[in-house]
Amino acid sequence: MVIMTCYRIVLIYLIFAIICVKTEEETVQKMTKAERRSLREESRLMFYHAYNAYIDNAYPADELMPLSCKGRWRGVTPSRGDMDDVLGNFSLTLVDSLDTLAVMGDFSEFSRAIKLVIRDVMFDHDIIVSVFETNIRMIGGLLSAHVLAMALKTDVPVLQWYNGELLAKAEDLGKRLLPAFNTSTGIPHGRVNLRHGVRWMTESRETCTACAGTMILEMAALSRLTGNPIFEQKAHKAMDGLWKIRHRTSDLMGTVINIHSGDWVRKDSGVGAGIDSYYEYCLKAYILLGDEKYLARFIRHYNAVMKYISRGPIMLAVHMHRPHLQSRNFMDALLAFWPGLQVLLGDVKPAVETHEMLYQVMQRHTFIPEAFTSDFQVHWGQHPLRPEFLESTYFLHRATDDDHYLQVGKTVLKALQQYTRVPCGYAAVNDVRTRLHEDRMDSFVLAETFKYLFMLFGEDKDLPIKLEDYVLTTEAHFLPLWLATDGKNSTLNIRVDDEDDDKYRKTCPNTASLDSEKVRRPMRQMLGSSAARPPARLLPLNDPRQIHALSDMGISVLTLPDGRVQLLYTTNTAKSAKDAAEGLTFMREMSKWNSLSEMENGVIAAGVKFNEKIYPAGPGLFGKEITGNERYMSTAVYVIPNDACSQIENSHEIAGKIAIATRGQCTFAQKVRNIQEANAQLVIILDNVKDSSHESTALFAMSGDGRNDIRIPAVFLFSKEGTALIEALNNDPEQFIVIGEFKSMKQEFENTCEDKDLEPVQDKESFDHLKKVLSQLVAQFELTLSSDDQKNCEEPTDAYLTNKQEEKVCKIASNDGD
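Parameters and conventions
Residues numbered from 1 in each chain as written. Predicted model: local features only at pLDDT ≥ 70, side-chain atom pairs only at ≥ 80, totals over all residues. Heavy atoms only, no water. Phe/Tyr/Trp six-rings, centres within 6.5 Å; stacked < 30°, edge-to-face > 60°. Buried < 20%, exposed > 50% of the residue type's maximum accessible area, 1.4 Å probe, protein only. Disulfide = S-S within 2.5 Å. Helix = DSSP H or I, 4+ residues; strand = E, 2+ residues; numbered from the N terminus. Pairing = 2+ DSSP bridges. Right-handed = clockwise from strand over helix to strand, strands pointing away. Axes fitted to C-alpha atoms, helices over the stretch in contact; angles between N-to-C directions. Parallel < 35°, antiparallel > 145°, perpendicular 65-115°, else oblique. Left-handed = near helix turned anticlockwise from the far one by under 90°. Contact = heavy atoms within 4.5 Å. Nonpolar A, V, L, I, M, F, W, Y, C, P; charged D, E, K, R; others polar. Core = buried A, V, L, I, M, F, W, Y, C linked by side-chain atoms within 4.5 Å. 1 Å grid on protein atoms, 1.4 Å probe; cavity = no way out; pocket = protein on both sides within 12 Å on 5 of 7 lines; lining within 4 Å. Points joined across faces, edges and corners; volume = space filled by probe spheres on them. Expected span 1.5 Å × (residues − 1). Bend = angle between axes of the 7 residues up to and from the residue. Salt bridge = Lys/Arg side-chain N within 4 Å of Asp/Glu carboxyl O.

Undergrad: Got a minute to help me understand the packing of aromatic side chains in this structure?
TA: What describes a pair of aromatic rings is the distance from one ring centre to the other and the angle between the planes of the rings. On inspection of all chains with the given rule, the structure shows 21 aromatic pairs. Ring centres of Y54 and Y59 lie 6.2 Å apart, and the angle between their planes is 80 degrees; on these two criteria the pair is classed as edge-to-face. When its relative accessible area of 0% is taken as the criterion, Y54 is described as buried. The class for Y59 is buried, based on a relative accessible area of 17%.

Undergrad: I'm lost on the state of the cysteines in this one. Help?
TA: Under the definition given, this model contains 3 disulfides. A sulfur-sulfur separation of 2.1 Å characterises the disulfide bridge that pairs C208 with C211. Looking along the S-S bond of the C208-C211 disulfide, the torsion reads about 90 degrees, which is the right-handed sense. Classification of C211 by relative accessible area gives partly exposed; the value is 22%. Here C645 is linked by a disulfide to C666, with a sulfur-sulfur distance of 2.1 Å. With the S-S bond torsion at -90 degrees, the cross-link from C645 to C666 turns out left-handed. Of this pair, C645 sits in the loop between β29 (636-638) and α21 (651-654) while C666 sits in the loop between β30 (658-662) and α22 (668-677); the two residues are 21 residues apart in sequence, bridging distant segments of the chain. Accessibility assignment for this pair places C645 and C666 in one class, buried.

Undergrad: Hey, could you run me through the pairing of strand β32 (residues 714-717) in this one?
TA: Looking down a regular strand, the side chains alternate between one sheet face and the other. Side chains A714 and F716 of β32 all project onto a buried face; the interleaved residues V715 and L717 project onto the opposite face, where all are buried too. Two strands pair when backbone bridges link them, and strand β27 (residues 613-619) and β32 are joined in this way by 2 bridges, in the antiparallel orientation. Paired with G618 across the bridge in β32 is F716. Bridge count between strand β31 (residues 682-686) and β32: 4 bridges; the pairing is parallel. Considered in β32, the bridge of I685 is made with F716.

Undergrad: Mind showing me how you'd approach the pairing of β30 here?
TA: With 4 of 5 residues buried, β30 lies mostly within the body of the structure. Both β29 and β30 contribute to a ladder of 3 bridges, which runs parallel. Looking across to β30, one finds that A636 is bridged to I658. Pairing analysis gives 5 bridges linking β30 to β31, with the strands arranged parallel. Each residue of the ladder has a partner; that of I658, found in β31, is L682. Since β30 and β31 lie parallel, the crossover through α22 that links them has a hand, and here it is right-handed.

Undergrad: In this structure, what is going on with unusual backbone geometry? I would like to understand it.
TA: With the exception of glycine, the majority of residues adopt a negative phi angle, and the majority of peptide bonds are in the trans configuration. In this structure, P60 follows Y59 across a cis peptide bond, with omega equal to 10 degrees. We note that F376 has phi near 70 degrees; this positive angle belongs to a residue other than glycine. As for its position among the elements, F376 is in the loop between β14 (371-373) and β15 (378-380). With phi around 60 degrees, R435 is a residue other than glycine that occupies positive phi space. Of note, R435 is situated in the loop between β18 (428-431) and β19 (436-438). Relative accessible area serves as the criterion here: at 33%, R435 is assigned to the partly exposed category.

Undergrad: Before we go on, may I ask you to explain the packing of helix α7 (residues 165-177) against helix α9 (residues 216-226) in this structure?
TA: Geometrically, a packed helix pair is captured by the angle between its two axes and the distance between the axes. Contact pair α7 / α9: the axes reach a minimum separation of 11 Å and the direction vectors enclose 125 degrees. Overall, the two elements α7 and α9 adopt an arrangement that is oblique. Read as a crossing pair, α7 and α9 show a hand that is left-handed. Contact with α7, carried on its side by L167, A170, E171, G174 and L177, involves M219, L222, L225 and T226 of α9 and no other residues of that element. Here the contact of α7 with α9 is built from residues that sort into 6 nonpolar, 2 polar and 1 charged.

Undergrad: Help me understand the sheet that holds β29 in this model?
TA: Pairing between sheet strands relies on hydrogen bonds along the backbone, with the strands arranged either parallel or antiparallel. Taken together, the 8 strands give an open sheet; going across it, the order is β28-β33-β26-β27-β32-β31-β30-β29, and neighbouring strands pair in mixed fashion. The open sheet has two edge strands, β28 (632-634) and β29, and neither has a second partner. Across the sheet, the axes of successive neighbouring strands diverge by a mean angle of 30 degrees, strand direction being ignored. On top of the sheet, α22 reaches β30, β31 and β32; it is set at about 140 degrees to β31, its chief contact.

Undergrad: Explain the nonpolar core here, please?
TA: A general trend in soluble globular proteins is that nonpolar side chains are found buried together. Counting 171 residues, the largest nonpolar core has L94, F110, I216 and Y279 as its most contacted members. No other element matches helix α6 (residues 131-152), which puts 12 residues into this core. Every residue in contact with F110, bar those within four places of it in the chain, is listed here: L98, L101, A102, A145, L148, A149 and L159. Counting residues in hydrophobic clusters, the runner-up holds 32 residues, among them F330, I654, I675 and V738.

Undergrad: Would you mind showing me how to read empty space enclosed by the protein here?
TA: Over the atoms a probe the size of a water molecule is rolled, and this reveals where empty space is left. Per the stated rule, a full pass over the model turns up 7 cavities of 30 Å³ or more. Counted as a void, the largest cavity has a volume near 160 Å³. Along its surface, the largest cavity is lined by 16 residues, and I368, H383, R386, F389 and V412 are the ones closest to its centre. Going through the elements one at a time, α15 (388-400) and α16 (404-419) are the ones with two or more residues in the lining of the largest cavity. Estimated volume of the second largest cavity: approximately 90 Å³. At 3 residues, the largest contribution of residues to the lining of the second largest cavity is made by strand β13 (residues 330-332). Its residues placed into classes, the lining of the second largest cavity shows 9 nonpolar, 3 polar and 2 charged.

Undergrad: Quick question: what am I supposed to make of helix α17 (residues 443-457) here?
TA: Working note: α-helix, 3.6 residues per turn, so residues spaced by three or four point in the same direction. End to end, α17 covers 22 Å across 15 residues, agreeing with the expected 21 Å (1.5 Å per residue, within 8%). Residue K451 marks the point of greatest curvature in α17, where the axis turns by about 25 degrees. Extensive coverage of α17 is indicated by the burial of 15 of its 15 residues.

Undergrad: Would you mind going over the pattern of salt bridges with me for this structure?
TA: Pairing is possible between side chains of opposite charge, provided their charged atoms come close. Under the defined criterion, the tally for this structure stands at 38 salt bridges. The salt bridge partner of E42 is K414, with a shortest N-O separation of 3.0 Å. Remark: K414 occurs in helix α16 and E42 occurs in helix α2 (residues 33-57); sequence separation between them is 372 residues. With a shortest N-O distance of 2.9 Å, D460 and R398 are connected by a salt bridge. Here R398 lies in helix α15 and D460 lies in the loop between α17 and β20 (470-472), a separation of 62 residues in the sequence. One continuous salt-bridge network, built from bridges that share partners, spans R40, E41, R44, K461 and D462.

So this is what it looks like as structure tokens:
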């Protein structure tokens, strides 16, 4: 028998039990039962509008294209590059949404849809698919529908014919994924061919942490339902392999791994894209399987996340090996799942805080953009109707019974109805600033978004199953808790020799009532009210709390007569030896940050020169890096098609030239990969968002896709700069474009601080920049004072730093993107 610890019992209770809350000052308008029923029915109708559009216009294709009103097929419709790895020509949307039909009580359509899957869905295709996406959407969807059909068939006559056919489908598909796990580390390949495994695939060496670490729930359930232990064994080995390569000091994980060597390819660590569901499955594997090693691991990871990544309500990625150093200044929409996971753990207060921050972002932009900066400006504007924010809203409402979360759900529902509903389903938003549509409706819209809306507004009596008997997977599929003991195989007791598993403390979470309104109120004050929506600002340098935090570390802040700021560090004035060590770390990082004044938190701007003017451009996180005094000079040619999402038709014109493409339709990496095949020298990608500019939007680095086959460099220009480029080429198509590192190009062509003997320019601009850097660092540091004891430093006891830093400070032009 599996011992059910108090932790597991409370975790399961927290998922579904309502903790009554009585506030002293009721500020949230109570939602009437009639309005709640109306919203529940509206969410049901939303689901059927999308579901019927898919069945009538797209089935048996994988997805519906709601603007074209036709199906998306792998190898038939235009390729979107790696985005299409989710497609396998196996009726993805239908399989993913089967259990939503059951949750809504539509048993006749549930039965009909199961019969369609049994009749039509096959997996013997010569198609390369994502192992991760196929597992969570297809295997998870098949298993959940099977479990629900078996649970309901006794009481639902229309389901009594069912005899486990979906489980057989899931086992067939699971066997086709198994070859991906044949690696020396046990960490699976990111992709697999459904017919041939990995034998004839192009060598794949990298995968993301979430891709490898989001297998255990579905694979363990498949093993225990079929009696074949191989699936669970492979998934356990993958999780063990990931745990072994965590950073042993910080307990953080990176985002991209070499599956053969186990080396980290990308060491930035957050809770969003690339890593999110790994943390989720560490906790849920414990809840579903009862294996305490997963609770031990999750607690270690959770403490590390709250120590290094959490900045109050804000969650910013850091370097896993240098966790005090922030790796980017933006957050992505996938982190919205985190508050829901905190509710499962029982840590509700920080969940309320982060959820409120996300709600403020949503109110400001109507939807949560794919990525947004720490001051809540749009970084990447897409919104594919993701469910993660609704997921956390649902769990917070279950935990607090606070009607605020019903009002949040209503706001989301109305925004979806107003801005994304089209005659043929619901269309993704290409950019939250313009609200233009994209011809895309992912399967998770039916599997999760509308399901969470329905469950949020519904009541327990509205559902045909007892929610407390199930764990919801990352794709909101239902797996039964009885799997912990029924069908248990020998892998349950396999443990990794974790030399320090006993270092975590087992405690039951605090289930006391929480006044969530009192937690949200200061968040609104800090972030700005939703009505006025002013941009959020970091605390100013002269805020006494910041000065006090620095003082505790032995750091004094002095403003010199000439306007410069000086930091004086003395160990014997620190509050404690621990604080002194933190002070030394702070000074080192301050020095590094101040020396990177031309960077935007790691984004080194490229420069594009035409018409004797240099414009800042965002670099790519793939391809050849543009560094130093290296220059690319050539005439420019527009690619055909202009989005470069398919084979380039005018390759003879762009060979050896600078190619120009537009943003949209497929990933940045896929565009550059297609243009590389046409032998271009370099790629300029122009933004498709009207009036965007580096003057109003922070530069960003274009993200890659985990593959390292791109050899040419690429840069990104916002639309205003792109328009200037187009006008210049219209006037003179043969003019040369020069591209290089922005800073070195400014020095070369504008003689900016080229003379080492120039006197420093001390003006308000450089001073304000230093204030900004200091504010960022102190705000970052304020919330890491609980760090582990460090070794006493052996550095000199006194040090100082000014914005001069023993070098000349250059005045930077206002248009340099800084």
